[in-house]
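Structure assessment
This is what each chain is made of:
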Amino acid sequence: MKTIIVTGTPCTGKSTLSKKLVKYLQRLQVKLLDVNLIINKHGLKWSYEKSRDTYIIDTKKLNKILIDYITKEKKAKTAYLIIDSHLSHYLPSKYVNLCIITTCNLKKLQSRLRKRNYGLAKVRENLDAEIFEIIYHEAKQLHSKLVKIDTTKGINLNTLKKIKKHITG
Ligand SMILES: Nc1ncnc2c1ncn2[C@@H]1O[C@H](COP(=O)(O)OP(=O)(O)OP(=O)(O)O)[C@@H](O)[C@H]1O
Ligand SMILES: [Mg+2]
């Protein structure tokens, strides 16, 4: 089984890309894991930081649950498992075959974040995270097979083909 993680700054298009990838790979046995569902199901929200309008997640526990899930899917002979989350890159590299990092032009990202009605501070924090490529630098330290996908202008067939090559190649 190949495990593909999709990470990146909030609103850079992880879920949109993951869903398109699932559709593109649909003839193969592919599964998409919604990490937000897991976080809620297992009560992994530690605390709420009001100033950042953000929940602190127990990433150690999350990793353990994700690893269990990967093991289960391997046994079930799933061919491709896609894990969509800005926390997915904390998984140890031995469980990951490809790390996709979604990126987005700052103007576009600002408009996407505003559309979600995020407060000014949260919009600023996420824009800063994108400017400093925080997730990319974190992911680079852990994973060797990385691909950055710019979603500013949407995802076309060529992008999906390119990702498939990274997965199968
Ligand atoms: N490829 C794309 N083409 C057009 N719009 C996009 C694309 N990717 C993302 N968007 C838009 O940007 C917004 C955020 O996208 P999405 O939910 O996929 O981001 P995300 O990275 O999964 O966010 P989060 O970290 O909060 O889960 C949505 O309104 C979506 O419509
Ligand atoms: Mg998402």
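Each remark here, short or long, concerns the structure printed above.
Residues numbered from 1 in each chain as written. Chains lettered and ligands numbered in written order. Predicted model: local features only at pLDDT ≥ 70, side-chain atom pairs only at ≥ 80, totals over all residues. Heavy atoms only, no water.

Within the structure, ligand 1 sits among Pro 10, Cys 11, Thr 12, Gly 13, Lys 14, Ser 15, Thr 16, Arg 112, Arg 116, Thr 151, Gly 154 and Ile 155. One of the backbone nitrogen or oxygen atoms of Ser 15 is found 2.9 Å away from an oxygen atom of ligand 1. In the complex, 69% of the free accessible area of ligand 1, which totals 620 Å², lies under the protein chains. Counting atoms within 2 Å of the grid points, the majority share of ligand 1 lands in the largest pocket. The element that contributes the greatest number of residues to the shell around ligand 1 is helix α1 (residues 14-24), accounting for three residues. Here the shell around ligand 1 is built from residues that sort into three nonpolar, six polar and three charged. (Near = heavy atom within 4 Å. Polar contact = N/O pair within 3.5 Å; in protein donor to acceptor, adjacent residues only side chain to side chain. Areas by Shrake-Rupley, 256 points an atom, 1.4 Å probe, with all protein chains shown as cover. 1 Å grid on protein atoms, 1.4 Å probe; cavity = no way out; pocket = protein on both sides within 12 Å on 5 of 7 lines; lining within 4 Å. Sits in = over half its atoms within 2 Å of the grid points. Helix = DSSP H or I, 4+ residues; strand = E, 2+ residues; numbered from the N terminus. Nonpolar A, V, L, I, M, F, W, Y, C, P; charged D, E, K, R; others polar.)

Before going further, it helps to examine unusual backbone geometry. A positive phi angle, close to 50°, is found at Asp 53, a residue other than glycine. Along the chain, the position of Asp 53 falls in the loop between β3 (45-49) and β4 (54-57). You will see that Glu 133, though not glycine, has its phi angle at about 50°, which is positive. For Glu 133, the location among the structural elements is in the loop between α5 (120-131) and α6 (134-142). Overall, the relative accessible area of 31% leaves Glu 133 in the partly exposed class. (Buried < 20%, exposed > 50% of the residue type's maximum accessible area, 1.4 Å probe, protein only.)

Under the criterion given, the structure shown has five salt bridges. Put simply, Arg 52 and Glu 49 hold a salt bridge, and the shortest N to O gap is 3.2 Å. On the basis of relative accessibility, which here comes to 30%, the residue Arg 52 falls in the partly exposed class. Taken together, the shared-partner salt bridges connect Glu 49, Arg 52 and Glu 125 into one network. (Salt bridge = Lys/Arg side-chain N within 4 Å of Asp/Glu carboxyl O.)

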